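Reading the structure
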Amino acid sequence: MKQPPAPPQLAAEGQYRQTFRQGEAVLLTASARWPRFREDAPGLKRINRYYDALADRWQKRWEGPLLARAKAACGPETPPWQADMTFTVTLFTPELFSLYLDITEDTGGRRPHRLRLGDTWHIPSGVPLTLRELLPRQRWWRRPVLAEVRRQIGARTSAGEAVYYEGWLSLVSRRFSPDRFYLTENGPVLFYPPETIAPPLEGFPTFPLSALLASQEEKTGEGAEIPKEVAVS
């Protein structure tokens, strides 16, 4: 029996780590991890270039504006600032690669600044896939997505599992971005930044959209079709 193709291999991940000092005082420690593929196929080269450039942009920020702010804030009682970028792979097949990256900057305030980025790639072409491409095809595709988010929030609040801001019904649509998602074997997962629809203690509120795929399968016998060929400009 013919074996399915294996996914490309991730090389030793890209890494960066620096400690910045002023005399004996540590001003800032910065570290980053990002994915890198071993193969040299065109699609994989594009993905590698994207994450190398992303890591480079954050390194320049930390070595430039953030370090300058750390120097200005330095004092006898000032704790060192910290900055880091990490990643978590959520799906890895011969055709698809998805992950999210968490970037954190702790400057000694009440709470660190946190940013999450989600990416889903068509590996052979090295082209990112959109949320719309991964959901059942319909013209008004955002409406069922937002309805599913509201359904999950309603269930969670009723069960006492989570706390959301009082105006979450409208905030869900106002703070929605189709770029904030990643893909798992069960389907897309949507997320919101901290303090947009829920208090800080809830972190990044996440909402699996697998129910939308299951609903489509019940209606047509088919789920959303993952693009097999993606045009590359």
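Note that this is a predicted model, so its numbers are computed, not measured. (Residues numbered from 1 in each chain as written. Predicted model: local features only at pLDDT ≥ 70, side-chain atom pairs only at ≥ 80, totals over all residues. Heavy atoms only, no water.)

**Regarding the overall build of the chain**
Helices and strands together make up the secondary structure of the chain, namely four helices and nine strands. The N-to-C order of helical and strand elements in the chain reads β-β-α-β-β-β-β-α-α-β-β-β-α. Relative to all contacts within the chain whose residues are 6 or more apart in sequence, the contacts with residues 24 or more apart total 58%. On the chain, roughly 13400 Å² of surface is accessible, and the fraction owed to carbon and sulfur atoms is 49%. (Helix = DSSP H or I, 4+ residues; strand = E, 2+ residues; numbered from the N terminus. Contact = heavy atoms within 4.5 Å. Areas by Shrake-Rupley, 256 points an atom, 1.4 Å probe, with all protein chains shown as cover.)

**Quick word on the sheet that holds strand E7 (residues 181-184)**
Spatially, the three strands line up as an open sheet ordered E7-E8-E9, and their pairing is antiparallel. One side of each edge strand has no neighbouring strand; the edge strands of this open sheet are E7 and strand E9 (206-208). Neighbouring strand axes in the sheet, compared pairwise and without regard to direction, differ in orientation by 25° on average. Here strand E8 (residues 187-191) pairs with E9 via three bridges, running antiparallel. Note on E9: the bridge partner recorded for phenylalanine 191 is threonine 206. Seen against the sheet, helix H2 (residues 142-158) touches E8 and E9 and runs at an angle of roughly 115° to E9. (Pairing = 2+ DSSP bridges. Axes fitted to C-alpha atoms, helices over the stretch in contact; angles between N-to-C directions.)

**As for the pattern of salt bridges**
For the structure on display, the rule yields seven salt bridges. For arginine 33, the salt bridge identified is with glutamate 13, shortest N-O distance 2.7 Å. Of this pair, arginine 33 sits in strand E2 (residues 25-34) while glutamate 13 sits in the segment before strand E1 (14-22), and the two are 20 residues apart along the sequence. The exposure class of arginine 33 is partly exposed, given its relative accessible area of 28%. The salt bridge partner of lysine 60 is aspartate 56, with a shortest N-O separation of 3.2 Å. Here lysine 60 pairs with aspartate 56, and both are found in helix H1 (residues 42-73), just four residues apart, close to one helical turn. Take lysine 60: its relative accessible area is 54%, and that puts it in the exposed class. Residue classification places aspartate 56 among the partly exposed residues on the basis of a relative accessible area of 33%. (Salt bridge = Lys/Arg side-chain N within 4 Å of Asp/Glu carboxyl O. Buried < 20%, exposed > 50% of the residue type's maximum accessible area, 1.4 Å probe, protein only.)

**Examining the side chain of aspartate 119**
Relative to the assigned elements, aspartate 119 resides in strand E5 (residues 113-122). Within the buried core, aspartate 119 has no salt-bridge partner, and the shortest N-O distance to an opposite charge, that of arginine 57, equals 8.7 Å. When residues no more than four places from it in sequence are discounted, the contact partners of aspartate 119 are Tyr50, Tyr51, Phe97, Ser98, Leu99, Leu101 and Phe181. (Lys, Arg positive; Asp, Glu negative; His and termini not counted.)

**What to know about the side chain of threonine 104**
Residue placement: threonine 104 occurs in strand E4 (residues 96-106). On the basis of relative accessible area, threonine 104 is assigned to the buried category, the value being 19%. Contact partners of threonine 104, with chain neighbours within four places excluded, come to Gln82, Ala83, Asp84, Pro112, His113 and Arg114.

**Brief notes about the packing of aromatic side chains**
For the structure shown, the criterion picks out eleven aromatic pairs. With 4.9 Å between their ring centres and 85° between their planes, tyrosine 50 and tyrosine 51 make a pair best called edge-to-face. By relative accessible area, tyrosine 51 is classed as buried at 1%. Cluster of aromatic residues (ring-pair linked, three or more members): Tyr16, Trp58 and Trp62. It is arginine 116 that lies over the ring of tyrosine 100; its NZ or CZ is 4.2 Å from the centre. If you follow arginine 116 out to its NZ or CZ, it ends over the ring of phenylalanine 191, 5.9 Å from the centre. (Phe/Tyr/Trp six-rings, centres within 6.5 Å; stacked < 30°, edge-to-face > 60°. Lys NZ or Arg CZ within 6 Å of the ring centre and 35° of its normal.)

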